[in-house]
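Letter by letter, the chains look like this.
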Amino acid sequence: MQDCIFCKIIAGEIPSSKVYEDDEILIFRDIDPIARVHLLCVPKEHYKTVAELNAARAETLGRALQKIGSFAPSFGLDGGYRLVMNQGEAAGQTVPHLHIHILGGEPLSWGK
Ligand code: AMP
């Protein structure tokens, strides 16, 4: 999508600190981290929320979660980590391209 910052990162038009990439997903460091480790995992296909999932997108998302699980120790997340997906503006979603926040590297408190 033309005006989507994550699509531009995926296309290499905007620089990012990539930690993993394959045909379907990209994982890179959040530019404004709220935890010692704060990564973003994005599908390369543009859509906004899980309301737009179809079978193929759900399979990609499942593979993304598997990747996160297998790569977490090498990201410095071996003590545990939190996955967050903000869905829509009221939940705090600011970039309308589905993404999974991966937070950890330190003890995390819980709040809304
Ligand atoms: P959300 O508020 O859930 O939509 O999350 C969007 C996240 O994208 C925020 O945590 C931002 O800090 C992050 N972000 C925005 N622009 C960039 C960028 N150019 N590179 C890396 N992370 C970004």
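Attention here is on the structure that accompanies the text. (Residues numbered from 1 in each chain as written. Predicted model: local features only at pLDDT ≥ 70, side-chain atom pairs only at ≥ 80, totals over all residues. Heavy atoms only, no water.)

### Re the pairing of strand 2 (residues 25-29)
When you tally the buried positions in strand 2, you get four out of five residues, the bulk of the element. Examined bridge by bridge, strand 1 (residues 18-21) and strand 2 share three bridges and lie antiparallel to one another. Its bridge partner being in strand 2, Lys-18 is matched across the sheet by Phe-28. Linking strand 1 to strand 2, which pair antiparallel, is a turn of three residues. Inspection of the sheet shows strand 2 paired to strand 3 (residues 37-43) by five bridges, in the antiparallel sense. Bridge pairing in strand 3 links Arg-29 to Leu-39. (Buried < 20%, exposed > 50% of the residue type's maximum accessible area, 1.4 Å probe, protein only. Helix = DSSP H or I, 4+ residues; strand = E, 2+ residues; numbered from the N terminus. Pairing = 2+ DSSP bridges.)

### Quick word on the layout of surface pockets
The computed volume of the largest pocket comes to approximately 600 Å³. Taken together, 29 residues make up the lining of the largest pocket; nearest its centre are Asp-30, Asp-32, His-38, Leu-40 and His-101. Elements with a contribution of two residues or more to the lining of the largest pocket: helix 1 (5-10), strand 2, strand 3, strand 4 (81-84) and strand 5 (100-104). Examining the composition of the lining of the largest pocket, we find that three residues originate from one element, helix 1, more than from any other. Tallied by class, residues from the lining of the largest pocket come to 13 nonpolar, eleven polar and five charged. (1 Å grid on protein atoms, 1.4 Å probe; cavity = no way out; pocket = protein on both sides within 12 Å on 5 of 7 lines; lining within 4 Å. Points joined across faces, edges and corners; volume = space filled by probe spheres on them. Nonpolar A, V, L, I, M, F, W, Y, C, P; charged D, E, K, R; others polar.)

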